[in-house]
Amino acid sequence: MSVSVVNLTVHGIGPTERPLEPDEDRTWVTVEQFEQVLDAAVGRPDVRITFDDGNASDVRIALPRLVERGLKADFFVLAGLLGQPGRLDRPDLHELTRAGMRIGSHGWAHRDWRRLTDEQAREEIVQASKVLGELTGEPVTEVAVPFGSYDRHVLRRLRHAGVRRVYTSDGGRATADSWLQPRNSLHHDIGPKWAHDVLTGRPSLPLRARRTAARTVKRLRG
């Protein structure tokens with residue numbers, strides 16, 4: 001019997017500490033919004049919390065609140081941007097792993113993986129995981145796809161690289177042990193009930209159909 005889970009994705013929290021990319025502010029939430037989501041996840045083994053982009057708020061804001069609630073999370077880091085203003089640095093990675101958090105790869109420089117040269121693909125998919133593994137002392141075998149942008153060529157590259165699990169931004173619930181894991185992203189306009197609705201609600205049949213169709217298109221296109 002397959003077990004389903006809900007994957008949640010956090011980007012930035014609180015005041016921004018660096019210039020944001022176009023539309024990036026849409027995925028930036030307040031501390032209060034973030035805490036509401038964490039409180040809804042407490043005691044829910046079917047919830048996975050993930051972080052993308054390697055923002056400094058992952059350690060300064062998120063980590064103590066996760067620890068306070070006894071929650072674990074996966075942090076998908078941009079290996080090539082470590083140490084830049086507003087980003088995580090090497091000591092931050094060690095602080096996360098000491099707290100029992102897991103490190104995954106979000107690539108090297110936040111590029112669209114559908115538009116990579118072969119050399120860029122090696123840097124984004126292979127080199128990034130290698131560097132993060134060397135820094136943490138643990139193999140990095142899970143990735144989160146930047147911008148949720150993938151196609152059959154991207155998936156082929158990830159399989160060839162030996163990636164054990166791939167997180168996307170497709171929304172909805174996921175089968176716990178499936179290779180491709182859809183996630184639900186926090187946005188700047190979520191309300192107090194958002195997490196409860198995502199964790200306990202059942203999407204309408206038309207919405208489930210649209211999500212399934214969109215995932216199928218992504219897997220086959222390219």
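Just so it is clear, the structure is predicted and the values come from calculations on it, not from any experiment.

What follows covers the nonpolar core. By size, the foremost hydrophobic cluster in this structure holds 37 residues, and its most contacted members are Ile-49, Phe-51, Leu-66 and Phe-75. Ranked by residue count, the leading element in this core is helix α2 (residues 57-69), at five residues. Apart from the residues lying within four places of it in its own chain, the contact partners of Phe-75 are Phe-51, Asp-58, Leu-66, Leu-96, Met-101, Arg-102, Ile-103 and Gly-104. Counting residues in each nonpolar core, the second largest holds 14 residues, with Ala-121, Ile-125, Val-145 and Leu-155 among its members.

This brings us to the pattern of salt bridges. Throughout the structure, instances matching the rule amount to 16 salt bridges. Between Glu-17 and Arg-60 there is a salt bridge, with the nearest N and O atoms lying 2.4 Å from each other. Of this pair, Glu-17 sits in the loop between β2 (12-13) and β3 (28-29) while Arg-60 sits in helix α2; the two residues are 43 residues apart in sequence, bridging distant segments of the chain. On the accessibility criterion, Glu-17 (39% relative accessible area) is partly exposed. Among the ionic pairs, Asp-118 bridges to Arg-157, the shortest N-O distance being 2.8 Å. In this pair, Asp-118 sits in helix α4 (residues 118-136) while Arg-157 sits in helix α5 (residues 152-160), placing the two residues 39 residues apart along the sequence.

Time to look at unusual backbone geometry. The phi angle at Asp-53 is positive, at roughly 85 degrees, despite the residue not being glycine. Mapped onto the secondary structure, Asp-53 falls in the loop between β4 (47-52) and α2. Asp-53 sits in the buried class, given a relative accessible area of 4%. The phi dihedral of Phe-147 falls on the positive side, at around 60 degrees, and the residue is not glycine. Look at Phe-147 and you get partly exposed, because its relative accessible area is 48%.

Criteria and thresholds
- Residues numbered from 1 in each chain as written.
- Predicted model: local features only at pLDDT ≥ 70, side-chain atom pairs only at ≥ 80, totals over all residues.
- Heavy atoms only, no water.
- Core = buried A, V, L, I, M, F, W, Y, C linked by side-chain atoms within 4.5 Å.
- Buried < 20%, exposed > 50% of the residue type's maximum accessible area, 1.4 Å probe, protein only.
- Helix = DSSP H or I, 4+ residues; strand = E, 2+ residues; numbered from the N terminus.
- Contact = heavy atoms within 4.5 Å.
- Salt bridge = Lys/Arg side-chain N within 4 Å of Asp/Glu carboxyl O.

Spatial relationships are all this shows, so hold off on functional conclusions.
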